[in-house]
Every structure is written in C-alpha cells, then in structure tokens.
Amino acid sequence: MKKIIFGSLALVMLAATLQSSTKKDEVMTKENGKYVVNTTTLGKSVVGYISPTPVKIYIDKNKVEKVEFLKNEETPKYFARVKKALETKWNGLKVKEAASQKVDGVTGATLSSEAVIKNVHLGLEYYQKNKK
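Residues numbered from 1 in each chain as written. Predicted model: local features only at pLDDT ≥ 70, side-chain atom pairs only at ≥ 80, totals over all residues. Heavy atoms only, no water.

Q: It is not clear to me how the environment of glycine 123 should be interpreted in this structure. Could you clarify?
A: Counting through the fold element by element, glycine 123 comes out in helix H4 (residues 110-130). Separated by 67 residues in sequence, glycine 123 and lysine 56 have C-alpha atoms that sit 8.1 Å apart. Residues within four places of glycine 123 in sequence aside, it is in contact with Val37, Thr39, Leu42 and Ile57. (Helix = DSSP H or I, 4+ residues; strand = E, 2+ residues; numbered from the N terminus. Contact = heavy atoms within 4.5 Å.)

Q: Hey, could you run me through the packing of aromatic side chains in this one?
A: Any aromatic ring pair is given by two values, namely how distant the centres are and how the planes are angled relative to each other. Under the counting rule described, the total for this entry stands at two aromatic pairs. Residues tyrosine 35 and tyrosine 127 carry aromatic rings whose centres are separated by 5.3 Å and whose planes lie at 70° to one another, so their mutual orientation is edge-to-face. Taken together, the positions of tyrosine 35 in strand E2 (residues 34-38) and tyrosine 127 in helix H4 put the pair 92 residues apart, joining distant regions of the chain. Per residue, the accessibility class of tyrosine 35 equals that of tyrosine 127, and both read buried. Arranged with centres 5.9 Å apart and planes meeting at 80°, the rings of phenylalanine 69 and phenylalanine 79 form a pair that is edge-to-face. Residue phenylalanine 69 is located in strand E4 (residues 63-69), and its partner phenylalanine 79 is located in helix H2 (residues 76-86); the two are separated by 10 residues in the primary sequence. The buried category is assigned to phenylalanine 69, whose relative accessible area is 11%. The aromatic ring of tyrosine 58 is capped on one face by lysine 66, whose charged end is 4.8 Å from the ring centroid. (Phe/Tyr/Trp six-rings, centres within 6.5 Å; stacked < 30°, edge-to-face > 60°. Buried < 20%, exposed > 50% of the residue type's maximum accessible area, 1.4 Å probe, protein only. Lys NZ or Arg CZ within 6 Å of the ring centre and 35° of its normal.)

Next up, the structure:
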C-alpha cells in the first residue's frame, strides 16, 4: 500500500513540474506564422502621462510588420498625436535594427510617446531573447 501511495504522489509531483515548465507565454504568441509580442504584462510599470501604454508588435520573418497601440487611459487628444507620429516608425525594420533605433518623442505628448517607445523596445528585446 505504501508503494502505491508513494508512486501516486511521485506521479502527481512530476505532472505538476511538467505543467509549470510548459506554462503558456503570456507575452509572446504565434499567430498565422507570425510572432506577436504583447507588452501588457511586460511593460505594466511603463507609464505615460496617466497610465501604462501597452502595444502589440507583429513580427514576420524577423522584421517588424506593425505596432498596434492597445487600450490605455492616456488623454485621447494627445495619444492620437503619439499614434500618428509613431505607428509606422518600426515597420519593415529587422528586429535588431528596430530595437536599437533612436526614436524621438512627440512634442506636447512627451511622456506618452516615451512610454510607447520604451514598450516597443521591451517587446523587441523580449522577442530576441525568447524566439524559438
């Protein structure tokens, strides 16, 4: 009886270990053959003027396809300026180039634009370290 209980306990512990080691990545997923890096959790401490400014970065064949701005609490009028100025800054660049590219903030929306730039850089660094 003791062997059965011990054996069952060992199997449960092994299953728990395997499950935790294969935990789903909440930051980077693969959709239609493209990597998508979501900075919602990765950059949760990167705050613009009012709130975090998460983005999704779509990467295809090691090139940035597009950057999508996610929901935030920034002032819409100013954040619209950030989106207009930054949404295509990284498009078409190889990830390594995009990650090291110096991008200027948007005058009048400096904190929001700097937070977006930081999120993009965090996402690209994450991709480089974790792509499979």
